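Coordinate inspection notes
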Amino acid sequence: MGDEEEQQQRSLMFLLTYMLLKRRRDLNNANIQRRNEIQRRIRHRQYFFQRQRRMLMMMIAGGIRSNSRIRTRPWTTTPRSDWWERVVMTEFQPSDWLDKFRMSRETFFYLCDKLRPRLARQDTSFRLALPVEKRVAVALWRLASNIEYRTISALFGVGKSTVCRCVRDMCHAIVALLSSIYLRPPTEQELEISAQLFHSYLGFPHCVAALTTLHTAIITPSSNASDYANPAGWLSVLSQVAISAQGHFWDVCASFPGGTDPAEILQNSALWVTAAEGGLSPAQTPIFMGKPLRYVLLGEACYPLQSWLMKAYPEQKSRRGCHTALTEPQQLFNRRLSRALDASEEALLRLRARWQCLSKRNDCGLDVVPTMVLACCILHNMCESHGDVFNAEWQMEVCEAENPQPRHKPLTSTSMDQSDAEEVRGLFCDYFQQQST
């Protein structure tokens, strides 16, 4: 028994000794690997710093050499890392701000201050955050020109994914922070001013806004692509807009497929409820032709006739299939209404000319396009309110390049028309008849 116990103790001591030696060897190997990794990182960092130093010296030398050359435009020969900080922020002239960002320098920095709570980012130990001004400039460049992300990426010295993120973040920030200022229901004073302008400049009395549609071309969606084909045959996102006499957007309802019936959009929008309840008229109903009548909106033939929404008289067909002529008052009404609607089309053209992402095919996702449309309408109202100059050349470019906006079929059914709407339209015919005599 004594020999067996001694043999077991010897085996146990051998096993413990082996385990201790193995543990020491593992620790030594781990220490060696750690020292090797530290040395490798030191060598890599030294190589990186040396490379940075060489590149900096080359840039300095290249800058010294380039100073002796004559530059035709300040940003043509400037390295991209230096273009925004030195050229745009210090050398851009007022005409450059308008041409590239579609707004004045003062409006640009006003916009940056308004969006700062949403767009400001914190610096990290890995990289410095992009300044709010640069993020806004990247997004505005995209909205104004609709050029490719990679072009803007090379211009501003940021990644393509950063450009995409800047556009998305700024559009959401504009809608969240500026809608209550620049895209809201009009006040009673604004209603009165718009009614006066419609009457004095456009010849249509007792009207405060025009209702029309905006189609924004898109790339083929991954599903239900046929729903986005508009009456002209190309794919688009359809928006319903209400435009005042000053050319400002009061209400925008976006995100519908291009093949949607405008009448359905109107009936399911907040504008339908607001206008039907008298929200677009003062508390004290104004008088027109000796009768109390709320202010009206003007719409295209694709909308239903309502007591608050006037549209043109349709040409009726006789049993033989030929068109019957409208009466003289009805023709006069149609001409005045067409003239007023042309002014709203002019406002839409200014919108698409200033923000050409709405006039060219937009390659953003369907989750971004509706927000982009809202953001562009808000920016348009902001620029118009601040008195920023509109360049007529932008409008000429859009007229030559874009596809014409589709024309929707007239709404032939009268089931959606309001019963007393025809009487209201008759009052306007009587007014125009009195004015012409």
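Procedures and definitions
- Residues numbered from 1 in each chain as written.
- Predicted model: local features only at pLDDT ≥ 70, side-chain atom pairs only at ≥ 80, totals over all residues.
- Heavy atoms only, no water.
- Helix = DSSP H or I, 4+ residues; strand = E, 2+ residues; numbered from the N terminus.
- Rg over C-alpha atoms; globule rule 2.2 N^0.38 Å.
- Buried < 20%, exposed > 50% of the residue type's maximum accessible area, 1.4 Å probe, protein only.
- Areas by Shrake-Rupley, 256 points an atom, 1.4 Å probe, with all protein chains shown as cover.
- Lys, Arg positive; Asp, Glu negative; His and termini not counted.
- Charge placed at Lys NZ, Arg CZ, Asp CG, Glu CD.
- Pairing = 2+ DSSP bridges.
- Phe/Tyr/Trp six-rings, centres within 6.5 Å; stacked < 30°, edge-to-face > 60°.
- Axes fitted to C-alpha atoms, helices over the stretch in contact; angles between N-to-C directions.
- Parallel < 35°, antiparallel > 145°, perpendicular 65-115°, else oblique.
- Left-handed = near helix turned anticlockwise from the far one by under 90°.
- Contact = heavy atoms within 4.5 Å.
- Salt bridge = Lys/Arg side-chain N within 4 Å of Asp/Glu carboxyl O.
- Core = buried A, V, L, I, M, F, W, Y, C linked by side-chain atoms within 4.5 Å.
- pLDDT = per-residue confidence, 0-100.
- Nonpolar A, V, L, I, M, F, W, Y, C, P; charged D, E, K, R; others polar.

1. As for the overall build of the protein
Counting secondary structure elements, the protein contains 14 helices and seven strands. Taken over C-alpha atoms, the radius of gyration comes to 33 Å for the protein, far larger than the 22 Å a tight globule of 437 residues would show. When the backbone C-alpha atoms are referred to their principal axes, the protein occupies close to 130 × 80 × 45 Å. Classification of the 437 residues of the protein by burial places 42% in the buried group. A total accessible area of about 24800 Å² is found for the protein, and carbon and sulfur atoms account for 52% of it. Averaging the coordinates of the 53 positive side-chain charges in the protein and doing the same for the 44 negative ones gives two points 11 Å apart.

2. Here's the deal with the sheet that holds strand S1 (residues 207–217)
What the five strands build is an open sheet, ordered S3-S2-S1-S6-S7; its pairing is mixed. Edge positions in the sheet fall to strand S3 (249–257) and strand S7 (309–310), since each has one partner strand and no second. Sheet topology places S1 next to strand S2 (residues 236–244); nine bridges connect them, and they run antiparallel. By the bridge assignment for S2, alanine 209 is matched with serine 244.

3. Looking at the packing of aromatic side chains
Here the structure, examined in full by the defined rule, presents 21 aromatic pairs. Where tryptophan 141 meets phenylalanine 156, the ring centres are 5.7 Å apart and the plane angle is 85°; that geometry is what we call edge-to-face. Placement of tryptophan 141 in helix H5 (residues 132–145) and of phenylalanine 156 in helix H6 (residues 149–156) is noted, with a sequence separation of 15 residues between them. The same class applies to tryptophan 141 and to phenylalanine 156, which are both buried. Judged by centre distance (5.3 Å) and plane angle (35°), the ring pair of phenylalanine 204 and phenylalanine 428 falls under tilted. You can see phenylalanine 204 sitting in the loop between helix H8 (188–202) and S1 and its partner phenylalanine 428 sitting in helix H14 (residues 421–436), a full 224 residues away along the chain. Judged by relative accessible area, phenylalanine 204 falls into the buried class, the value being 0%. Counting every residue linked through ring pairs, the aromatic cluster contains Trp84, Phe92, Trp97, Phe101, Phe108, Phe109, Trp141 and Phe156.

4. Some thoughts on the packing of H8 against helix H11 (residues 328–354)
With their axes 11 Å apart at the nearest point, H8 and H11 run at an angle of 115° to one another. It follows from the interaxial angle that H8 and H11 lie roughly perpendicular. Considering the relative orientation of H8 and H11, their crossing is right-handed. In this structure, H8 uses Phe198, Tyr201 and Leu202 to contact H11, whose residues at the interface are Arg336, Arg339, Ala340 and Ala343.

5. Some thoughts on the pattern of salt bridges
Using the criterion set out here, one finds 18 salt bridges in the structure. Glutamate 91 serves as the salt-bridge partner of arginine 86, at 3.1 Å between the closest nitrogen and oxygen. Using a relative accessible area of 32% as the deciding quantity, one classes arginine 86 as partly exposed. Of the charged contacts, one joins arginine 184 and glutamate 190 as a salt bridge, the two residues approaching to 2.8 Å between their closest N and O atoms. On the basis of relative accessibility, which here comes to 29%, the residue arginine 184 falls in the partly exposed class. Judged by its relative accessible area of 25%, glutamate 190 falls in the partly exposed class. When salt bridges with common partners are traced through the structure, they connect Asp113, Arg116 and Glu133 into a single cluster.

6. A word on the nonpolar core
Membership of the largest hydrophobic core comes to 63 residues, with the highest contact counts inside it found for Phe101, Met103, Val136, Leu140, Met170, Trp355 and Leu379. For this core, the element with the most residues is helix H12 (residues 369–385), which contributes 10 residues. For phenylalanine 101, the contacting residues outside a window of four places in its chain are Trp84, Val88, Phe92, Asp96, Ala137, Leu140, Trp141 and Trp355. Judged by nonpolar contacts, the second largest core, of 25 residues, contains Ala210, Leu293, Ala421 and Phe428.

7. Topic: the confidence of the model for the protein
The predicted model of the protein has a mean per-residue pLDDT of 87, with 92% of residues at 70 or higher. This model gives residues 65–79 a pLDDT under 50, and the stretch forms 15 contacts once residues within four places in sequence are excluded.

8. Points about the pairing of S3
When S2 meets S3, the two strands line up antiparallel, connected through six bridges. Bridge pairing in S3 places isoleucine 243 opposite phenylalanine 249. Where S2 folds back onto S3 in an antiparallel hairpin, the turn is made up of four residues, including glycine 247, whose phi is positive at roughly 85°.

9. Structural notes on unusual backbone geometry
Positive phi outside glycine occurs at serine 255, with the angle close to 80°. The residue serine 255 is located in strand S3 in this model. Not every positive phi belongs to a glycine, and methionine 289 is a case in point at roughly 55°.

10. Thoughts on the packing of helix H4 (residues 105–119) against H5
Put simply, H4 and H5 touch, their axes get as near as 9 Å, and they point 110° apart. One element, H4, and the other, H5, form an angle in the roughly perpendicular class. Between H4 and H5, the contacting residues are Phe108, Phe109, Leu111, Cys112, Leu115, Arg116 and Leu119 on the first element and Val132, Glu133, Arg135, Val136, Ala137 and Leu140 on the second. Residue classes in the contact of H4 with H5 are distributed as 10 nonpolar, no polar and three charged.

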